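Structural overview for review
One letter stands for each residue in the lines below.
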Amino acid sequence: TNDMGEKPIDIAINLDCEPIVQYLRKRSLSPEELAAREASDAKREHEQAALKKLTRSFRRHQRITRDVQPILRARVPIIKFVHAPSALECDLTMDHPLGLRNSDLLHTYGKIDERFFKLGFFLKLWAKVCHINDASQGYMSSYALIMMLLHYLQHTSPPVLPYLQQLHDAAHRKVKVLVRNWDAYFFQDVDRLAEVWPMHGRNTQDVGTLALGFAEYYASFDFDHLVVGVCKPGDILKDQKEWEGSLMCIEDPFDLKHNLTKGIKHHSFELIKRRLANLSQHLTSLQSSAASGPSSDMAQLFDVRALTQGEVPNHILRNTCHVCHQHGHFARECPQRRRSHQGRGGGRGG
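The following refers to the structure shown. (Residues numbered from 1 in each chain as written. Predicted model: local features only at pLDDT ≥ 70, side-chain atom pairs only at ≥ 80, totals over all residues. Heavy atoms only, no water.)

Details of the overall build of the chain
Formally: Going along the chain from the N terminus, every DSSP run of H or I of four or more residues is numbered as a helix, and every run of E of two or more is numbered as a strand. The buried label applies to any residue whose accessible area, calculated with a 1.4 Å probe on protein chains only, is under 20% of its type's maximum; exposed applies above 50%, and partly exposed to all values in between. Whether two residues are in contact is decided by their heavy atoms, any of which lying within 4.5 Å being enough. Here the accessible surface of atoms and residues is derived via Shrake-Rupley with a 1.4 Å probe, and residues count as covered only by protein chains that are part of the display.
Across its full length, the chain carries 14 helices and 8 strands. Taking all 350 residues of the chain together, 43% fall into the buried category. When contacts within the chain are restricted to residue pairs at least 6 apart in sequence, those whose partners lie at least 24 apart make up 56%. Per element, the accessible surface of the chain, about 19,400 Å² overall, is 51% carbon and sulfur.

Structure below.
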């Protein structure tokens, strides 16, 4: 679970396919047959087919799973859905154990400092309001945004969060934790953090000040030459990673060959930079009008016009409903239309 707010809003689910492989071995398949089944292309096709079946099943049970969105062409095929009874947002993958390790890493950072949770919750709402949170449309994933936040909190003065992947008990050498041939080690004993990281607790900035700092940091970040990384201190250059062809580079904390924002397009990149500048201006305005910092009033904090300057991305305009004239869904998915149909149905039933 990724706890990015007052309560968990994300659940990462991974279907472990290793037992299936073990079962096939027990059936004494030849090495050639097993290798063919485990080949990357074949494996991906099997994953996509399985996720398509799950998608159909989820959509048949809307009281349990709603807003089901399969993203099968992603680097890691995934189904996004909402668990209806709890309203929790869920991501389901197959045979992707690094994803669970990523979730554990974020959860541990959240236990170190609750401001990480609160800022993550704020930024995910901000990105949603600004329509820059859909990786399938060439924007950022929520996970990439949280990596940006983590990187920033490691660079404040003094830092809010450490580099957990570099910390270890001086009395014991760091032991690798291999997951799919990547070192997925990180320090997890939060109760003993002060023993290995003397900076723990020294940053006392409030959430509003840190939110403004985040916006200012990335509004002037050198995306042309630098990579956003959270694994270890020091600058990471794009040419060191051979990522010069990408407009925006955010390194996965474990799979160091994976640029989380490789799919960002030019128009998306420019819009993200404008939104960061808008956020900086908006929070500065709120802070100057309130001695206590940015306003806690949600309507004022997430003023769409102030955050977007009235600009609506093309992919949202294309998804405009002709029933309620709201962006982001088609008429067949319109909540207003569904309520209207349910009301007429209820009338007939009475």
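Considerations on the nonpolar core
Our working definition: The definition of a nonpolar core used throughout is a set of buried Ala, Val, Leu, Ile, Met, Phe, Trp, Tyr and Cys residues joined through side-chain atoms within 4.5 Å.
Ranked by internal contacts, the top residues of the largest apolar core, which has 64 residues, are Phe116, Trp126 and Met148. Ranked by residue count, the leading element in this core is helix α6 (residues 142-155), at 10 residues. With residues up to four places along the chain from it excluded, the contact list for Trp126 reads Ile132, Leu145, Arg275, Leu276, Leu279, Phe302 and Leu307. Listed in part, the 9 residues of the second largest apolar core include Phe58, Leu72, Phe81 and Cys90.

Here's the deal with the packing of aromatic side chains
The condition is simple: Any Phe, Tyr or Trp ring, taking Trp's six-membered ring, that has another such ring centre within 6.5 Å forms a pair; planes under 30 degrees apart are called stacked, those over 60 apart edge-to-face, and the others tilted.
Summed over all chains, the structure comprises 13 aromatic pairs. Ring geometry for Tyr218 and Phe221: centres 5.5 Å apart, planes at 45°, overall tilted. Across the pair, exposure class does not vary: Tyr218 and Phe221 are buried alike. Residues Phe223 and Phe269 carry aromatic rings whose centres are separated by 5.7 Å and whose planes lie at 90° to one another, so their mutual orientation is edge-to-face. Taken together, the positions of Phe223 in the loop between α8 (207-219) and β7 (226-227) and Phe269 in helix α10 (residues 266-288) put the pair 46 residues apart, joining distant regions of the chain. Like Phe223, the residue Phe269 is buried in the burial classification. Following the ring pairs from residue to residue traces out a cluster consisting of Tyr152, Phe214, Tyr217, Tyr218, Phe221, Phe223 and Phe269.

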